[in-house]
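Chain residues, written in single-letter form:
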Amino acid sequence: MSLSRLQQPRYLQQCPSPLSPSIPLPCSFSFRVSPYSQRQRRLRFGGHTSSVAVCCSLSQQQQSQILSSVTNGSTVSDRKEIRLGLPSKGRMAADTLDLLKDCQLSVKHVNPRQYVAEIPQLTNVEVWFQRPKDIVRKLLSGDLDLGIVGYDTFSEFGLGNEDLIIVHDALGYGECRLSIAIPKYGIFENINSLRELAQMPQWTTEKPLRVATGFSHLGPKFMKDNGFTHVTFSTADGALEAAPAMGIADAILDLVSSGTTLKENNLKEIEGGVVLESQAVLVATRKSLIQREDVRDITKEILERFEAHLRAVGQFTVTANMRGSSTEEVAARVLSQPSLSGLQGPTVSPVFCKRDGEVVPDFYAIVICVPKKALYESVQQLREIGGSGVLISPLTYIFEEVTPRWQDLLLKLEL
Ligand SMILES: Nc1ncnc2c1ncn2[C@@H]1O[C@H](COP(=O)(O)OP(=O)(O)OP(=O)(O)O)[C@@H](O)[C@H]1O
Ligand SMILES: O=P(O)(O)OC[C@H]1O[C@H](OP(=O)(O)OP(=O)(O)O)[C@H](O)[C@@H]1O
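Residues numbered from 1 in each chain as written. Chains lettered and ligands numbered in written order. Predicted model: local features only at pLDDT ≥ 70, side-chain atom pairs only at ≥ 80, totals over all residues.

1. Observations regarding the overall build of the chain
Inclusion rule: Only DSSP runs of H or I with at least four residues qualify as helices, and only runs of E with at least two residues qualify as strands; both kinds are numbered from the N terminus onward. To assign burial, the other C-beta atoms lying within 10 Å of each residue's own C-beta are counted, with C-beta atoms placed from the backbone; 20 or more indicates buried, 12 or fewer indicates exposed, and intermediate counts indicate partly exposed. Here contacts are defined at the residue level, using C-beta atoms placed from the backbone and a cut-off of 7 Å between them.
Tallying secondary structure elements over the chain gives 15 helices and 15 strands in all. Across the 415 residues that make up the chain, the buried fraction comes to 35%. Within the chain, contacts between residues separated by at least 24 positions form 73% of all contacts whose residues are at least 6 apart in sequence.

Okay, here's the thing in structure tokens:
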């Protein structure tokens with residue numbers, strides 16, 4: 001499909017305005033950077049600090065209102081094209097494009113100010129660049145068929161809706177965890193677990209535990225599931241780590257990857273405080289997959305490419321020469337070594353030469369895949385059993401006979 005067609009206003013008219021945020025939370029911080037360490041969170045509100053706590057637990061009624069508002073969008077059968085949502089900016093954007101490129105699915109993005117692009121290898125697929133949370137909302141409303149987001153965003157904005165299906169749960173980037181953190185000092189000095197935090201006598205109806213978080217769905221649910229009765233939540237668009245030091249919150253619930261931001265703000269994680277582990281995932285809507293064969297075909301192709309690439313990323317191909325009496329004898333020697341069994345066992349091929357006018361096997365060439373982590377160990381084991389001329393090459397794709405995640409998906413769809 002040519003971009004010129006995509007640029008026509010019809011598409012822009014078809015694309016609905018973004019849904020309102022799933023949870024209307026009135027409070028957000030604006031801040032300017034002060035001359036402290038980059039990861040220290042100091043917020044300034046025109047020279048004054050402000051203390052705001054907004055209770056944002058969701059009632060059942062609110063949740064069902066949100067769900068019905070997001071599921072009443074356009075139906076998938078209205079559209080002929082297949083829409084894939086990709087993060088428009090932020091941490092996930094570049095890595096997502098890199099993954100697609102590594103799978104020979106480069107996105108052709110002619111104009112960086114436009115939010116629509118194409119993947120020439122995928123017929124009839126429109127790429128829409130959106131904020132991760134909007135990708136999830138638009139999957140729910142039926143305005144996207146497929147999307148790539150962090151599992152945290154999927155869980156927070158997907159609200160457990162069964163129409164969203166994770167097609168690939170481990171795309172290998174955007175790794176982080178959603179975790180509770182508390183100050184290292186003061187009344188929290190000796191608190192090291194969620195249980196201890198819940199049991200602190202300080203939390204009462206009048207003075208509940210105040211948690212600052214951007215995860216207004218997962219936060220209250222997690223705390224309730226873990227026995228916190230006296231707890232309120234406040235929110236902000238970033239720099240949550242500043243909230244305890246500012247006196248706005250007692251604890252925070254935020255994403256952590258290296259842990260540097262917590263450390264530099266005198267905060268610590270606690271045992272049992274991880275709500276979820278996250279990385280980038282490929283999501284599709286059940287409706288699109290069930291109703292449209294072309295969506296299933298494209299999903300299968302993307303999934304197969306992802307699986308083949310990601311399987312290959314951790315492996316090297318190793319070839320070596322070896323003397324021996326037969327292919328079976330050489331194979332047995334290779335298999336006697338723990339790191340040399342490859343993905344399905346070694347390939348052993350005779351290398352022929354002409355001796356006294358006769359064509360005979362001179363030596364054997366073996367080919368195996370070895371995990372990158374076990375490379376040196378494997379080379380040593382090969383040498384021990386007589387391997388020579390060891391060649392190592394990177395692997396690009398490993399296509400298996402079947403794609404396990406595709407089989408799982410068909411089962412989930414009952415197809
Ligand atoms: N250390 C980290 N902190 C935050 N997000 C991380 C981290 N490591 C990986 N991620 C992933 O990146 C995503 C954040 O991406 P991005 O910066 O675009 O989001 P955002 O700031 O939440 O989006 P928005 O600007 O739309 O509110 C997270 O949802 C998570 O999946
Ligand atoms: O464990 P670390 O590696 O230190 O990363 C964690 C920090 O990264 C994210 O913030 P980000 O940098 O995206 O800025 P934000 O606070 O404005 O969202 C997140 O909200 C944490 O603050």
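2. Looking at the nonpolar core
Here is the rule we go by: We define a nonpolar core as a collection of buried residues of the types Ala, Val, Leu, Ile, Met, Phe, Trp, Tyr and Cys that are connected via C-beta atoms lying within 7 Å of each other.
Ranked by size, the top nonpolar core spans 42 residues in total, and within it Val-127, Val-149, Val-281, Leu-282 and Val-283 carry the most contacts. Among the elements that make up this core, the one with the highest residue count is strand β11 (residues 280-285) (five residues). For Val-149, the contacting residues outside a window of four places in its chain are Pro-87, Met-92, Pro-132, Ile-135, Val-136, Phe-154, Val-281 and Val-283. Counting 30 residues, the second largest nonpolar core, distinct from the first, contains Leu-194, Phe-215, Met-223 and Ala-236.

3. Details of the sheet that holds strand β5 (residues 164-168)
Put simply, the test is: For two strands to be treated as a pair, DSSP must find no fewer than two bridges joining them. Structural elements are reduced to axes, namely lines fitted to C-alpha atoms, with helices fitted over the stretch in contact, and the angle between N-to-C directions of any two is expressed from 0 to 180 degrees.
Taking strand neighbours across the sheet as the criterion, the six strands line up as β2-β3-β1-β4-β11-β5 in an open arrangement whose pairing is mixed. At either end of the open sheet lies a strand with only one pairing partner, and these are β2 (116-118) and β5. Going across the sheet, the axis of each strand differs from the next one's by a mean of 35 degrees, ignoring polarity. Where β5 lies against β11, four bridges are found, and the strand directions are antiparallel. Directly across from Leu-164, in β11, lies its bridge partner Thr-285. The strands touched by helix α6 (residues 151-158) within the sheet are β4 (146-150), β5 and β11, with β4 carrying the most contacts at an inclination of about 110 degrees.

4. A short note on the site of ligand 2
Here is the rule we go by: Here, nearness is defined through the C-beta atom: a residue counts as near a molecule or strand if that backbone-placed atom lies within 6 Å of it. Gly is placed with the polar residues, together with every amino acid not listed as nonpolar (Ala, Val, Leu, Ile, Met, Phe, Trp, Tyr, Cys and Pro) or charged (Asp, Glu, Lys and Arg).
Residues in close proximity to ligand 2 total 12 residues, the closest being Gly-238, Ser-257, Ser-258, Thr-260 and Thr-261. In terms of residue count, strand β9 (residues 251-256) provides more of the shell around ligand 2 than any other element does, three residues in total. Its residues placed into classes, the shell around ligand 2 shows three nonpolar, six polar and three charged.

5. Some details on the sheet that holds strand β15 (residues 388-394)
Read from one edge of the open sheet, four strands run β13-β14-β12-β15, paired in antiparallel fashion. The sheet is open, and its two edges are formed by β13 (347-355) and β15, each paired on a single side. Averaged over all pairs of adjacent strands, the angle between their axes in this sheet comes to 25 degrees, without regard to strand direction. Relative to strand β14 (residues 358-371), β13 runs antiparallel, the two being bridged by nine bridges. The residue of β14 that forms the bridge with Cys-353 is Val-360.

6. Here we look at the site of ligand 1
Close contacts around ligand 1 come from 15 residues, with Gly-90, Arg-131, Gly-150, Cys-176 and Ser-257 the closest. Those elements that provide at least two residues to the shell around ligand 1 are α4 (91-102), α5 (132-140) and α6. The residue makeup of the shell around ligand 1, split by class, is five nonpolar, six polar and four charged.

7. Examining the environment of Gln-130
Mapped onto the fold, Gln-130 is located in strand β3 (residues 125-130). By the C-beta count within 10 Å, which is 23 here, Gln-130 ends up buried. Through-space distance from the C-alpha of Gln-130 to that of Asp-356 is 71 Å; in sequence the pair is 226 residues apart. The residues contacting Gln-130, other than those within four sequence positions of it, are Gly-85, Ser-88, Ile-135 and Lys-138.

8. Focus on α5
Of all the nine residues making up α5, nine are buried; the element is thus mostly covered by neighbouring parts of the structure. Those residues of α5 that sit buried are Pro-132, Lys-133, Asp-134, Ile-135, Val-136, Arg-137, Lys-138, Leu-139 and Leu-140. Looking at the residues trailing α5, positive phi occurs at Gly-142, about 85 degrees.

9. Concerning the UniProt feature "domain: ATP phosphoribosyltransferase catalytic" (unreviewed entry) in the chain
Where we set the bar: UniProt positions are given in the numbering used here, feature names are shortened, and annotations may be inferred rather than shown by experiment.
As annotated by UniProt and renumbered to match this structure, "domain: ATP phosphoribosyltransferase catalytic" (unreviewed entry) occupies residues 131-302. Along residues 131-302, the helical share is 33% and the strand share 30%, with 21 Å between the first and last C-alpha atoms.

10. Topic: the packing of α5 against α6
How we decide: Between 65 and 115 degrees an angle is taken as roughly perpendicular, under 35 as roughly parallel, over 145 as roughly antiparallel, and anywhere else as oblique. Left-handed describes a crossing in which the near helix is turned anticlockwise from the far one by less than a right angle; the clockwise case is right-handed.
Where α5 contacts α6, the axes come no closer than 9 Å and their chain directions differ by 50 degrees. Accordingly, the angle class assigned to the pair α5 and α6 is oblique. Here the hand of the crossing between α5 and α6 comes out right-handed. For the pair formed by α5 and α6, the contact residues are Pro-132, Lys-133, Val-136 and Arg-137 on the first element and Thr-153, Phe-154, Phe-157 and Gly-158 on the second. Its residues assigned to classes, the contact of α5 with α6 shows four nonpolar, two polar and two charged.

11. Topic: the UniProt feature "domain: Histidine biosynthesis HisG C-terminal" (unreviewed entry) in the chain
In the numbering adopted here, UniProt assigns the feature "domain: Histidine biosynthesis HisG C-terminal" (unreviewed entry) to residues 314-396. Segment residues 314-396 splits into 23% helix and 46% strand. End C-alpha atoms: 10 Å apart.

12. Some remarks on the pairing of β3
The element β3 is largely enclosed, with a buried count of six among its six residues. Judged by which residues are buried, β3 turns out to be covered on both faces: Val-125, Val-127 and Phe-129 on one side and Glu-126, Trp-128 and Gln-130 on the other are all buried. Where strand β1 (residues 82-87) meets β3, six bridges bridge the pair, whose relative direction is parallel. The residue of β3 that forms the bridge with Pro-87 is Gln-130. As defined by bridge partners, β2 adjoins β3 across three bridges and the pair is classed as antiparallel. Counted as the bridge partner of Glu-118 is Glu-126 from β3. Two successive antiparallel strands, β2 and β3, enclose a turn made up of six residues, where Asn-124 displays a positive phi of approximately 70 degrees.

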